[in-house]
Amino acid sequence: MKISSAEFVMSNSDVAKCPKDKLPEYAFIGRSNVGKSSLINMLTDRKSLAKTSGKPGKTQLINHFIINKNWFLVDLPGYGYAKVSKSAKRVFQKFITAYFSKRTQLVSAFVLVDCRHEPQKIDLEFMQWLGENQIPFSIIFTKADKLTKTKLPIQIDVYIKEMLNYWEEMPNYFITSSSSGLGKDDVLNYINEINQQLKNS
Ligand code: GTP
Ligand code: MG
């Protein structure tokens, strides 16, 4: 899919104030610093559409970007920064859970995980929460450029094996790098296919 336009629409912390348009929407979520904002810039070929930082906690609000004037990409704050999930109690920033449970335009979430790490408790808990709330999601492995060509598939296999302890099947997943552009077409084609299906339904 060609991105002909990508524009920032608004930021806010209240899901009720998000854009009223009934356009398909895709949200990026994951731990702070995993590369959510960078991936939005990579996918849209815009250097600083979404604000990024080497320090965790850069994105603090729900940010809507309208793409090709007919669907939204949403950049969210990381969930491991302001409040860390406590062992039994699952605590994510309130407006993040409010966004996911109330935003009817949301078609699918993308849960971003750093490809160098094994599944982290907070990510597993968040995916479980999405599952319980019947919110479709895919996993996006980020920062693939940080691993060698040999190490990358090994690490992904480790992740999948671990996931299969909790899930019957590995959720749909993508391997990406915002530095090299790896995975760009895969993610955009996936979104495009869903958008087409929605149009025809
Ligand atoms: P918060 O907004 O704090 O939740 O973080 P975020 O998930 O939006 O991360 P952000 O995109 O701001 O990136 C965090 C840091 O990781 C920045 O220094 C980025 O340059 C770096 N980074 C992001 N993606 C990649 C990648 O694919 N490869 C490499 N090498 N660095 C990356
Ligand atoms: Mg961010």
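So, how was this worked out
Residues numbered from 1 in each chain as written. Chains lettered and ligands numbered in written order. Predicted model: local features only at pLDDT ≥ 70, side-chain atom pairs only at ≥ 80, totals over all residues. Heavy atoms only, no water. UniProt positions renumbered as here; feature names shortened; annotations may be inferred. Helix = DSSP H or I, 4+ residues; strand = E, 2+ residues; numbered from the N terminus. Polar contact = N/O pair within 3.5 Å; in protein donor to acceptor, adjacent residues only side chain to side chain. Contact = heavy atoms within 4.5 Å. Near = heavy atom within 4 Å. Areas by Shrake-Rupley, 256 points an atom, 1.4 Å probe, with all protein chains shown as cover. Nonpolar A, V, L, I, M, F, W, Y, C, P; charged D, E, K, R; others polar. Phe/Tyr/Trp six-rings, centres within 6.5 Å; stacked < 30°, edge-to-face > 60°. Buried < 20%, exposed > 50% of the residue type's maximum accessible area, 1.4 Å probe, protein only. Core = buried A, V, L, I, M, F, W, Y, C linked by side-chain atoms within 4.5 Å. Pairing = 2+ DSSP bridges. Right-handed = clockwise from strand over helix to strand, strands pointing away. Donors = N, O, S within 2.8 Å, 3.2 Å for Na, K, Ca; no water. Expected span 1.5 Å × (residues − 1). Arc of directions from axis to C-beta.

Per an unreviewed UniProt entry, the protein chain goes by Probable GTP-binding protein EngB and derives from Aquimarina aggregata. Looking at the protein chain in UniProt, the text filed under Cofactor (unreviewed entry) is "Mg(2+)".

*Asks:* What is the right way to look at the side chain of Gln 105 in this model?
*Replies:* Residue placement: Gln 105 occurs in the loop between α2 (94-102) and β5 (106-114). A distance of 3.1 Å separates a polar atom in the side chain of Gln 105 from the backbone oxygen of Asp 21. The contact partners of Gln 105, leaving out residues within four places of it in the chain, are Pro 19, Lys 20, Asp 21, Lys 22, Leu 23, Pro 24 and Glu 25.

*Asks:* For this particular structure, what's the right way to read the site of ligand 1?
*Replies:* For ligand 1, the set of nearby residues contains 22 residues, the closest of which are Ser 38, Gly 57, Thr 59, Asp 145 and Ser 178. Within the contact set of ligand 1, an oxygen atom lies 2.7 Å away from a backbone nitrogen or oxygen of Gly 57. Burial of ligand 1 by the surrounding chains reaches 86%, relative to a free accessible area of 650 Å². The residue makeup of the shell around ligand 1, split by class, is two nonpolar, 14 polar and six charged.

*Asks:* Would you explain the packing of aromatic side chains in this entry?
*Replies:* The description of an aromatic ring pair uses the distance of the two centres, along with the angle that the planes make with each other. All told, the structure shown has 14 aromatic pairs when counted by the stated rule. Ring geometry for Phe 28 and Phe 110: centres 5.3 Å apart, planes at 85°, overall edge-to-face. With Phe 28 in strand β2 (residues 25-30) and Phe 110 in strand β5, this residue pair connects regions lying 82 residues apart in the sequence. Owing to a relative accessible area of 0%, Phe 110 belongs among the buried residues under this scheme. Here a set of aromatic residues connected by ring pairs shows up, and it is made of Tyr 26, Phe 28, Trp 71, Phe 110, Phe 174 and Tyr 190.

*Asks:* Would you explain the nonpolar core in this entry?
*Replies:* In terms of nonpolar packing, the biggest core is built from 35 residues, with Tyr 99, Phe 100, Leu 130 and Ile 139 touching the most fellow members. Elements that contribute at least two residues to this core include exactly β2, α2, β5, α3 (121-132), β6 (137-142) and α4 (151-163). Ignoring sequence-local partners within four residues, the contact set of Phe 100 consists of Ala 27, Ile 29, Leu 76, Leu 106, Ala 109, Phe 126, Trp 129, Leu 130 and Ile 135.

*Asks:* Any chance you could explain the pairing of β5 here in plain terms?
*Replies:* Sheet faces and side chains relate simply in a regular strand, where the side chains alternate between the two faces. Buried residues dominate β5, accounting for eight of its nine residues. With six bridges connecting them, β2 and β5 associate as parallel partners. By the bridge assignment for β5, Phe 28 is matched with Phe 110. The parallel pair β5 and β6 is bridged by α3, and the resulting crossover is right-handed.

*Asks:* So what exactly am I meant to see when it comes to the coordination of the magnesium ion (ligand 2) here?
*Replies:* Each pair of donors in an ideal octahedron of six around a metal sits at 90 or 180 degrees, and each pair in an ideal tetrahedron of four sits at 109.5 degrees. Surrounding the magnesium ion (ligand 2) are the protein donor atoms Ser 37 (OG) and Thr 59 (OG1), at 2.0 to 2.2 Å. Here Ser 37 is found in helix α1 (residues 36-44), whereas its partner Thr 59 is found in the loop between α1 and β3 (62-67), with 22 residues between them in sequence. Residue Ser 37 shares its accessibility class with Thr 59, and that shared class is buried.

*Asks:* In this structure, what is going on with α4? I would like to understand it.
*Replies:* Spacing of three or four residues puts side chains on the same side of an α-helix, whose turn is 3.6 residues. Helix length check: α4 (13 residues) gives 18 Å between terminal C-alpha atoms against 18 Å at 1.5 Å per residue, within 8%. Those residues of α4 that sit buried are Leu 152, Gln 155, Ile 156, Tyr 159, Ile 160 and Met 163. Burial along α4 is one-sided: seen end-on, the buried residues are contained in an arc of 140°. Where α4 is buried, its residues touch β5, α3, β6 and β7 (173-175).

*Asks:* I tried to follow the environment of Ile 67 on my own but got confused; where do I start?
*Replies:* Locating Ile 67 in the fold gives a position in strand β3. Of the residues examined, Ile 67 reaches a relative accessible area of 0% and is grouped as buried. Separated by 42 residues in sequence, Ile 67 and Glu 25 place their C-alpha atoms 9.9 Å apart. Once residues within four sequence positions are removed from consideration, Ile 67 is found in contact with Ile 3, Ser 5, Ala 6, Thr 44 and Leu 73.

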